[in-house]
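Observations on chain architecture
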Amino acid sequence: MSDGLEDVVAADTVLSDVDGRAGRLIIRGHSLDELAGRVSFEAAARLLFDGFFEGLPDDLTAALGVARVEVFAEVAALDTGLLDRTPIEAMRALTARLGDGDSLEVALRLMAAPAVFTAATVRAQAGEAPVAPDPKLGHAADILRMLRAAPASKAEIDALDTYLVTVCDHGLNASTFAARVVASTRAGLTSAVLAGISALKGPLHGGAPGPIIDMLDGIGTPDNARTWIEAALARGDRLMGFGHRVYRVRDPRADALKAAVRRMGAGAGRLAFAEAVESAILSILKAHKPDRPLDTNVEFYTALLLESLAFPPSTFTCVFAMGRVAGWIAHAREQLAGGRLIRPASRYVGPLPKAAA
Ligand code: ACO
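These numbers come from a predicted model, not from an experiment. Residue positions within a chain follow its written sequence, with the count starting from 1. In keeping with the predicted nature of the model, local features appear solely for residues at pLDDT of at least 70, side-chain atom pairs appear and are counted solely at 80 or more, and the whole-chain, interface and lining totals rest on all residues. Note: side-chain values were computed over all heavy atoms of the structure, leaving out hydrogens and water.

Looking only at helices and strands, one finds 16 helices and 3 strands in the chain. Note on method: radius of gyration uses C-alpha positions; expected globular size equals 2.2 Å times residues raised to 0.38. For the chain, whose C-alpha radius of gyration is 21 Å, the value lies close to the compact-globule estimate of 21 Å for 357 residues. Oriented by its inertia axes, the alpha-carbon framework of the chain measures out at about 65 × 55 × 45 Å. In the chain, buried positions account for 49% of the 357 residues. Relative to all contacts within the chain whose residues are 6 or more apart in sequence, the contacts with residues 24 or more apart total 76%. Using a 1.4 Å probe, the Shrake-Rupley method yields the accessible areas, and only the shown protein chains count as cover for residues. Total accessible area on the chain is roughly 15900 Å²; 54% of this is exposed by carbon and sulfur atoms. We treat Lys and Arg as the positive residues and Asp and Glu as the negative residues; His and chain ends play no part in the count. Throughout, a charge is located at the NZ atom of Lys, the CZ atom of Arg, the CG atom of Asp or the CD atom of Glu. Averaging the locations of the 38 positively and 42 negatively charged side chains of the chain gives two centres separated by 4 Å. Counting from the N terminus, the helices are the DSSP runs of H or I reaching at least four residues and the strands are the DSSP runs of E reaching at least two. Exposure classes here rest on a 1.4 Å probe applied to the protein chains alone. A residue is buried below 20% of its type maximum, exposed above 50%, and partly exposed in between. When checking whether two residues touch, look at their non-hydrogen atoms; a contact exists if any pair is within 4.5 Å.

As structure tokens, this is what we get:
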């Protein structure tokens, strides 16, 4: 048995391929470089959905705008009980209010849900009124507008679009596998997406970027990096934003996001500081684990990019879900189209009943 199912192939997919030795990500026949910073999130989602839905429009922008307006009605259910929860728990609870099904309409509402519910939750938690979606805007532009109640700059919209495209799909990662397992039972897309959100939430998967800001703030200045990092490793802590199950070299998404932060032109000092911390961590991890290549993963520069866009760290995993939801839905549809019920076996290692012993 492979611990953590490492290297186990559990599905055939046309959606994406992660080559962990070459540090390469392919999404439906395109390398990440061809997509990140070049196409909108709607175009990337269209690419993923192609062939999996009847009646898919050429451009998803308008249909996704309508879906944002439709799901905004659920924001009325944000009561004090939900506002005491973390943004991802509140977002997940509101998403669970959406009806299940396998249609394109259900899929579009699920694509809209993390964006609309996260923006509304953050504003309500700050005592501000949620901002209704503008269906005429692109998804990234409207996310920033719903969050801030003001239009964002083109550079900021482009940076968020780059992020959403960069994380839209990534092979059979933990949340996508969870979504496919649920889809394989024919429970419906809403159930599959809720499984994806739940798996993404953990710090070993999509929950890492918030703690990365805590780490950068804890380190404070480049001079302090080595002492801080060595103390963290001596405590047995993992350094968030480093290491990956599949990549044995640098995660290509880290560079796509670093370039996006640089293009946005915000926080040049913060970027230089993060680069200094990154290089200290890489050299210390090399000495700490000489047999295990540990390099920068997607989450390190995610943290910087989302911080520059003024997302509170508590929402970083929700923003990840805003992009990855497209992959979860496409994988769920692919699973439904051809896959059998996913039901692996386990090996019993417990005691035998007395009579059989
Ligand atoms: N910091 C310190 N040590 C690490 C790190 C890290 N970031 N990552 C792995 N190691 C060590 C482990 O402690 C382990 O050491 P051991 O053999 O002495 O126990 C060894 O390297 C191998 O680690 P595994 O846990 O077996 O690697 P796995 O493939 O299971 O884990 C994971 C990958 C979860 C991403 C891991 O590298 C990690 O915890 N990273 C930090 C969290 C993080 O950045 N998560 C986001 C991942 S990207 C994504 O999901 C979108």
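So, on to helix α5 (residues 87–95). Within α5, burial applies to Pro 87, Ile 88, Ala 90, Met 91, Leu 94 and Thr 95. End-on, the buried residues of α5 take up no more than an arc of 160°, which puts them together on one face. Summarising the contacts, the buried residues of α5 are in contact with α4 (80–83), α6 (104–125), α10 (189–200) and α16 (316–338). Starting at the helix axis, one direction is taken to each C-beta atom, and the arc is that of these directions.

Here Ser 283 lies in helix α14 (residues 268–288). Each C-alpha atom, one on Ser 283 and one on Val 246, is 20 Å from the other, the two residues being 37 residues apart in sequence. In terms of polar contacts, Ser 283 uses its side chain to reach the side chain of Arg 226, at 3.3 Å. By the criterion applied in these results, polar contacts are pairs of N or O atoms within 3.5 Å in which, for protein atoms, one can donate a hydrogen and the other can accept it, and in which residues neighboring in sequence qualify only through two side-chain atoms.

Below, the discussion takes up the site of the ligand. Taken together, 21 residues form the shell around the ligand, and within it Leu 239, Gly 241, Phe 242, Arg 245 and Lys 289 come nearest. The separation between a nitrogen atom of the ligand and a polar main-chain atom of Leu 239 is 2.8 Å. Relative to its unbound accessible area of 920 Å², the ligand is 76% covered by the protein chains. Only heavy atoms are used to decide nearness, and a residue is near a molecule or strand if one of them lies within 4 Å of it.

Overall, antiparallel pairing links the 3 strands, which are arranged β1-β2-β3 in an open sheet. Taken across any chain shown, the strands that pair with only one partner, and hence form the sheet edges, are β1 (16–19) and β3 (30–31). Bridge analysis of strand β2 (residues 24–27) against β3 gives 2 bridges, and the strand direction is antiparallel. Residue Ile 27 lies in a different strand from β3, and its bridge partner there is His 30. Strands qualify as paired when DSSP identifies two bridges or more between them.

In these notes, a set of buried Ala, Val, Leu, Ile, Met, Phe, Trp, Tyr and Cys residues joined through side-chain atoms within 4.5 Å is what counts as a nonpolar core. Leu 160, Tyr 163, Phe 311 and Ile 329 are the most contacted members of the largest nonpolar core, which totals 112 residues. Broken down by element, this core gets its largest block of residues, 15 residues, from α6. Not counting residues within four places of it along the chain, the set of residues in contact with Leu 160 comprises Ala 140, Ile 143, Leu 144, Leu 309, Phe 311 and Val 319.

This part takes up the pairing of β1. On β1, burial follows the alternation: Ser 16 and Val 18 on one face are buried, whereas Asp 17 and Asp 19 on the facing-out side are not. Relative to β2, β1 is paired through 4 bridges, and the arrangement is antiparallel. What sits directly across from Asp 19, in β2, is Arg 24. Counting the residues that bridge the hairpin from β1 to β2 gives 4 residues, and of these Gly 23 lies at a positive phi of roughly 70°.

Only one face of β2 is covered, namely the face carrying Leu 25 and Ile 27; the face carrying Arg 24 and Ile 26 is uncovered. In sequence, β2 turns back onto β3 through a hairpin of 2 residues, with Arg 28 there showing a positive phi of about 45°.

Further remarks concern the packing of aromatic side chains. Centres within 6.5 Å make a pair out of two Phe, Tyr or Trp rings, where for Trp the six-membered ring is used; the pair is then stacked when the planes are under 30 degrees apart, edge-to-face when over 60, and tilted otherwise. A complete count under the given rule lists 3 aromatic pairs for this structure. Ring geometry for Phe 242 versus Phe 300: centroids 5.2 Å apart, planes at 55°, classification tilted. Of this pair, Phe 242 sits in the loop between α12 (225–234) and α13 (252–264) while Phe 300 sits in helix α15 (residues 298–308); the two residues are 58 residues apart in sequence, bridging distant segments of the chain. Per residue, the accessibility class of Phe 242 equals that of Phe 300, and both read buried. Where Phe 300 meets Tyr 301, the ring centres are 5.1 Å apart and the plane angle is 90°; that geometry is what we call edge-to-face. One aromatic cluster is present, formed by Phe 242, Phe 300 and Tyr 301 through successive ring pairs.

The term salt bridge refers to a side-chain nitrogen of Lys or Arg lying within 4 Å of a carboxyl oxygen of Asp or Glu. Evaluated as defined, the whole model comprises 24 salt bridges. We note a salt bridge from Glu 230 to Arg 226, for which the minimum N-O separation is 3.1 Å. Of the two residues, Glu 230 and Arg 226 both sit in helix α12, 4 residues apart, roughly one turn of that helix. On the basis of relative accessibility, which here comes to 43%, the residue Arg 226 falls in the partly exposed class.

Okay, the side chain of Asn 173 next. Mapping Asn 173 onto the fold places it in the loop between α8 (154–166) and α9 (174–184). With a relative accessible area of 11%, Asn 173 lands in the buried category. At 2.8 Å, the side chain of Asn 173 forms a polar contact with the side chain of Thr 176. Ignoring sequence-local partners within four residues, the contact set of Asn 173 consists of His 205 and Arg 324.

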